[in-house]
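Coordinates in review
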Amino acid sequence: GAGVSQSPRYKVAKRGQDVALRCDPISGHVSLFWYQQALGQGPEFLTYFQNEAQLDKSGLPSDRFFAERPEGSVSTLKIQRTQQEDSAVYLCASSSLFPSNQPQHFGDGTRLSIL
Amino acid sequence: DAKTTQPNSMESNEEEPVHLPCNHSTISGTDYIHWYRQLPSQGPEYVIHGLTSNVNNRMASLAIAEDRKSSTLILHRATLRDAAVYYCILSANDYKLSFGAGTTVTVRA
């Protein structure tokens, strides 16, 4: 079956531009997560949605980062006024809610490069 | 979340077993032990998870110490496809995963 799909696969932007990254989760998955992975490091949690509700955004680095999931399926991570330190791979994951401790299924990420 | 300690790297020969250790001495009673792996240029992939008892699935086995302060991921017969970064993660809240640096596994043909 179809896994988590992320687009674009690669994104290059100039410093100061706004970018939008898209995530299509596995159909029917209630939970959706965004992670940021810097080069050579493990992924770091950014934010979590349950359906359309953003229940945890404690990992967002600054108010330039904004995520939404208006209809409880597709999600978009937006970064405004990008800076060079935003260069990273942005990973999206989804999971079912019940039973508890379901595995998270990850997409292959969007590699963002800020020039 | 409680922290885990893993070796930076391990090497194995193809078709031999691989034992990946993970120490988590500050684990709490509600923490599950999760293992994910990440192949180059791909997102992390779920491997296995457990709470107290040893667990087996088609990918691997998870051996959990009786005091739960350590665990070992066992790949029974390593293949070249198993070369990846392996992450041992504790999670009690069902969603936020803290990955750490993981163990880079190299498999020699």
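Here, every reference points to the structure presented above.
Here's a quick rundown of the structure. The structure displayed is predicted, hence computed values, not measured ones. (Residues numbered from 1 in each chain as written. Chains lettered and ligands numbered in written order. Predicted model: local features only at pLDDT ≥ 70, side-chain atom pairs only at ≥ 80, totals over all residues. Heavy atoms only, no water.)

Describing the overall build of chain A
The test is simple: Numbered from the N terminus, helices here are DSSP runs of H or I no shorter than four residues, and strands are runs of E no shorter than two. Two things to know: the radius of gyration comes from C-alpha atoms, and the globule rule equals 2.2 Å times the number of residues to the power 0.38.
Across its full length, chain A carries zero helices and 11 strands. Along chain A, from the amino end to the carboxyl end, the secondary structure elements read β-β-β-β-β-β-β-β-β-β-β. Taken over C-alpha atoms, the radius of gyration comes to 13 Å for chain A, in line with the 13 Å a tight globule of 115 residues would show. Summarising its shape, the C-alpha atoms of chain A cover approximately 45 × 25 × 25 Å along the three principal directions.

Thoughts on the pattern of salt bridges
Oppositely charged side chains can pair when the atoms bearing their charge come close. Residues and elements named next belong to chain B. The condition is simple: By definition here, a salt bridge exists when the distance from a side-chain nitrogen of Lys or Arg to a carboxyl oxygen of Asp or Glu is within 4 Å. Note on exposure labels: buried denotes an accessible area under 20% of the residue type's maximum, exposed denotes more than 50%, and partly exposed covers the range between, all computed with a 1.4 Å probe on protein chains only.
Applying the stated criterion across every chain, the model contains eight salt bridges over all chains. Ionic pairing is found between Arg-77 and Glu-15, a salt bridge with its closest N-O pair at 3.4 Å. A residue pair is termed long-range when its members are at least 10 positions apart, and Arg-77 in the loop between β7 (70-75) and β8 (84-91) and Glu-15 in the loop between β1 (9-13) and β2 (18-23) qualify at 62 residues. By the burial criterion, Arg-77 is exposed, and Glu-15 matches it. With a shortest N-O distance of 2.9 Å, Arg-37 and Glu-45 are connected by a salt bridge. A residue is classified by how much of its surface remains accessible, and Glu-45, at 29% relative accessible area, is partly exposed. One network of salt bridges, with partners in common, ties together Arg-37, Glu-45 and Asp-82.

Focus on the sheet that holds strand β4 (residues 45-50) of chain B
Residues and elements named next belong to chain B. We apply this condition: What makes two strands pair is DSSP finding at least two bridges between them. In this analysis, axes come from line fits to C-alpha atoms, helices being fitted only over the stretch in contact, and the angle between any two N-to-C directions falls in the range 0 to 180 degrees.
The five strands lie next to each other as β1-β9-β8-β3-β4, forming an open sheet whose pairing is mixed. This sheet does not close on itself; its edge strands, each paired only once, are β1 and β4. Recorded for the sheet is a direction-independent mean angle of 25 degrees between the axes of neighbouring strands. Where strand β3 (residues 32-38) and β8 come together, seven bridges link them in antiparallel fashion.

Some thoughts on the interface of chain B and chain A
Interface size is often expressed as the accessible area that is lost when the parts come together. How we decide: Any two residues having at least one pair of non-hydrogen atoms within 4.5 Å are treated as being in contact. When two components associate, each loses some accessible surface as probed by a 1.4 Å sphere; the sum of these losses over both components is called the buried area. Counted as a polar contact is a pair of N or O atoms within 3.5 Å, where, for protein atoms, one must be capable of donating a hydrogen and the other of accepting one, and residues adjacent in sequence contribute only when both atoms are in side chains.
Taken together, the contact pairs 18 residues of chain B with 19 residues of chain A. Interface area, chain B with chain A, both sides summed: about 1,500 Å², of which 51% is carbon and sulfur. On inspection of chain B and its partner chain A, the count reaches one salt bridge. On the surface where chain B and chain A come into contact, there are seven residue pairs in polar contact (both at pLDDT 80 or more). Per-element tally for the side of chain B that touches chain A: the top contributor is β3 of chain B, with four residues.

Observations regarding the nonpolar core
In a soluble, globular protein the nonpolar side chains are often hidden away together inside. Applicable threshold: Put simply, buried Ala, Val, Leu, Ile, Met, Phe, Trp, Tyr and Cys residues joined by side-chain atoms within 4.5 Å make one nonpolar core.
In terms of nonpolar packing, the biggest core is built from 21 residues, with Leu-20, Ile-33, Trp-35, Leu-73 and Tyr-86 of chain B touching the most fellow members. For this core, the elements supplying multiple residues, two or more each, are β2, β3, β4, β6 (61-64), β7, β8 and β9 (103-108) of chain B. Judged by nonpolar contacts, the second largest core, of 20 residues, contains Ala-13, Val-19, Trp-34 and Phe-65 of chain A.

Remember that the coordinates give geometry; whether it matters functionally is a separate question.
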